[in-house]
Amino acid sequence: MKSRCRISLTLLCSALLLPVGASAREPLATRVEHLVVSSARASGLFEVFTRELQLPAVWPYSDYGSFQSGGVSLGNTVLEFSQGNEASARFSGLALEPVLNAENLTEALPERGIGSTGPQPFSVNVDGKTLVLWTNVSLPGFEPRNATIFFCDYKDRKAVRKNRAQGARALKAARGGVLGVLGVKLISLGVEDRAKAQRRWRQLASDVSADLLRFSAGPPLRLTVVKQPGILSLTLQVRSRAAAEKYLRARGWLVRADEGGTLIAPWAIGGLRVRVEE
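Predicted model only: the values in this text are computed from it and were never measured.

Novice: Which parts of the structure should I look at to understand the overall build of the protein?
Specialist: The number of helices and strands found in the protein is five helices and 16 strands. Among the 278 residues that make up the protein, the fraction classed as buried is 54%. Partitioning the contacts of the protein with sequence separation of at least 6, the portion at a separation of at least 24 is 69%. Accessible surface, the protein: about 12400 Å² in total, of which carbon and sulfur atoms supply 50%.

Below is the structure:
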């Protein structure tokens, strides 16, 4: 799937001064900007998360011309629902916020042994002028396979961060919706070779220790060795696990509650694996 990063088209982009380059020891990513869900029922899932679970929208689900999507705030990152062909929804992509701009990033990646597609700008026409809103740089073949890992270089990062902060405040004001969500605790990645994945992710993340990948902000990633690689699951941190379980049990959406956390019924959320923990 060709992933793209999103922002409301009303957010006009301005130039942002960024570092010209990063040393070999500096991470290339600051955080997971958003996690992409691909589904043939993307609009319906967006409604489940915003209306049923009462999580705030960061941008409305709509047809933006070359793509259809909507974004939901999870506090420390965004969950994007993107129209795809999959009958069963899946976590299909990770959008990373880069330290550098797209052009300098494209030059820095080969120096660290990482291939990329090069800059892929998304633009709109405003009063007869072409305005680039963001540029993606995808990393083909990057771990995990069966998922798209890409950098998303918003041209007006200040406006985007303000938008994300507003979403986080809305989540807090709503007391995390019916589940009491505080943020994303963990994103689980399934890889075939953990050591190889660690070496590769060490070029991007701030800290790689054991099976965890941490950034300067946002949720960490966990590497798990599996036979079928991909983005496996999302773990939400909630205010009260007991209260979340009470709601899920009443809806018939509680599958399992054990020391590993509480699993929301996948059938209720399109086939996704989402856990809740305190």
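Novice: I tried to follow the sheet that holds strand S8 (residues 148–154) on my own but got confused; where do I start?
Specialist: Spatially, the eight strands line up as an open sheet ordered S2-S3-S4-S1-S5-S8-S7-S6, and their pairing is mixed. A single partner strand is all that each edge strand has here, and the edge strands are strand S2 (57–63) and strand S6 (120–126). Strand after strand, the sheet turns through a mean of 25° between neighbouring axes, direction not considered. Sheet topology note: the strand S3 (residues 68–73)/strand S4 (residues 78–83) ladder contains five bridges and is antiparallel.

Novice: I keep staring at the pairing of S2 and nothing clicks. Help me out?
Specialist: The side chains of a regular strand alternate, residue by residue, between the two faces of the sheet. Taken together, the four bridges between S2 and S3 define a ladder with antiparallel strand orientation. Across the sheet, alanine 57 pairs through a bridge with valine 72, a residue of S3. As consecutive antiparallel partners, S2 and S3 are separated by four residues, and within that stretch glycine 65 has a phi angle of approximately 100°, a positive value.

Novice: What exactly am I supposed to notice about helix H2 (residues 102–111) here?
Specialist: Because an α-helix completes one turn every 3.6 residues, residues spaced three or four positions apart along the sequence face the same direction. Along H2, the residues that are buried comprise Ala102, Asn104, Leu105, Thr106, Ala108 and Leu109. Positive backbone phi, approximately 75°, marks glycine 113, located one or two places after H2.

Novice: Looking at this structure, how should I read the environment of tryptophan 201?
Specialist: With respect to the secondary-structure elements, tryptophan 201 resides in helix H4 (residues 194–201). Sequence separation between tryptophan 201 and alanine 29 is 172 residues, and the spatial gap between their C-alpha atoms is 9.9 Å. Side-chain polar atoms of tryptophan 201 contact the backbone oxygen of glutamate 143, separated by 3.0 Å.

Novice: Just checking my understanding: could you explain the environment of leucine 79 for this structure?
Specialist: Looking at where leucine 79 falls in the secondary structure, it is placed in strand S4. Relative accessible area serves as the criterion here: at 1%, leucine 79 is assigned to the buried category. Placed twelve residues apart in sequence, leucine 79 and phenylalanine 91 show a C-alpha to C-alpha distance of 9.5 Å. Those residues within four positions of leucine 79 in sequence are excluded, and the remaining contacts are Leu35, Val37, Phe49, Gly70, Gly71, Val72, Leu74 and Phe91.

Novice: Mind showing me how you'd approach the environment of alanine 42 here?
Specialist: Examined against the element boundaries, alanine 42 turns out to sit in helix H1 (residues 42–52). Along the primary structure alanine 42 and glycine 270 are separated by 228 residues, whereas in three dimensions their C-alpha atoms are 8.8 Å apart. When near neighbours in sequence (up to four residues on either side) are disregarded, alanine 42 contacts Tyr61, Phe81, Ser82 and Gln83.

Novice: What exactly am I supposed to notice about the pairing of S4 here?
Specialist: Among the six residues of S4, five are classified as buried, and the element is accordingly described as predominantly covered. In this structure, strand S1 (residues 29–39) lies alongside S4, joined through six bridges in parallel fashion. Looking at the pairing, leucine 35 lines up with leucine 79 of S4. As consecutive antiparallel partners, S3 and S4 are separated by four residues, and within that stretch glycine 75 has a phi angle of approximately 95°, a positive value.

Novice: Mind showing me how you'd approach H1 here?
Specialist: When H1 is considered as a whole, its buried residues turn out to be Ala42, Leu45, Phe46, Val48, Phe49 and Thr50. Where H1 is buried, its residues contact S1, S2, S3 and S4. Backbone geometry just after H1 places glutamine 54 at a positive phi near 60°.

Novice: Honestly, the side chain of serine 69 in this entry has me stumped. Any pointers?
Specialist: Relative to the elements of secondary structure, serine 69 occurs in strand S3. A distance of 3.1 Å separates the side chain of serine 69 from the side chain of tryptophan 59, its partner in a polar contact. For serine 69, the side chain forms a polar contact with the side chain of glutamate 80, separated by 3.2 Å.

How each quantity is defined
- Each chain has its residues counted from 1, following the order in which its sequence is written.
- At least 70 in pLDDT is required for a residue's local features to be given in this predicted model, at least 80 for side-chain atom pairs to be given and counted, and no such filter applies to totals for whole chains, interfaces and linings, which use all residues.
- Side-chain figures throughout are based on the complete set of non-hydrogen atoms in the structure, without hydrogens or water.
- Per the convention used, a helix needs a DSSP run of H or I reaching at least four residues, while a strand needs a run of E reaching at least two, with both numbered from the N terminus.
- Burial classes: relative accessible area under 20% of the type maximum marks a residue as buried, over 50% as exposed, and values in between as partly exposed (1.4 Å probe, protein chains only).
- Two residues form a contact once any of their heavy atoms are found within 4.5 Å.
- To be clear on the numbers: accessible area is Shrake-Rupley with a 1.4 Å probe, and residue cover counts the displayed protein chains and nothing else.
- DSSP-based pairing: two strands are paired if at least 2 bridges between them are found.
- Throughout, an axis means a line fitted to C-alpha atoms (over the contacting stretch in the case of helices), and angles, computed between N-to-C directions, take values from 0 to 180 degrees.
- Polar contacts, as used here, are pairs of N or O atoms within 3.5 Å; protein pairs need one atom able to donate a hydrogen and one able to accept it. Residues neighboring in sequence count only if both atoms are side-chain atoms.

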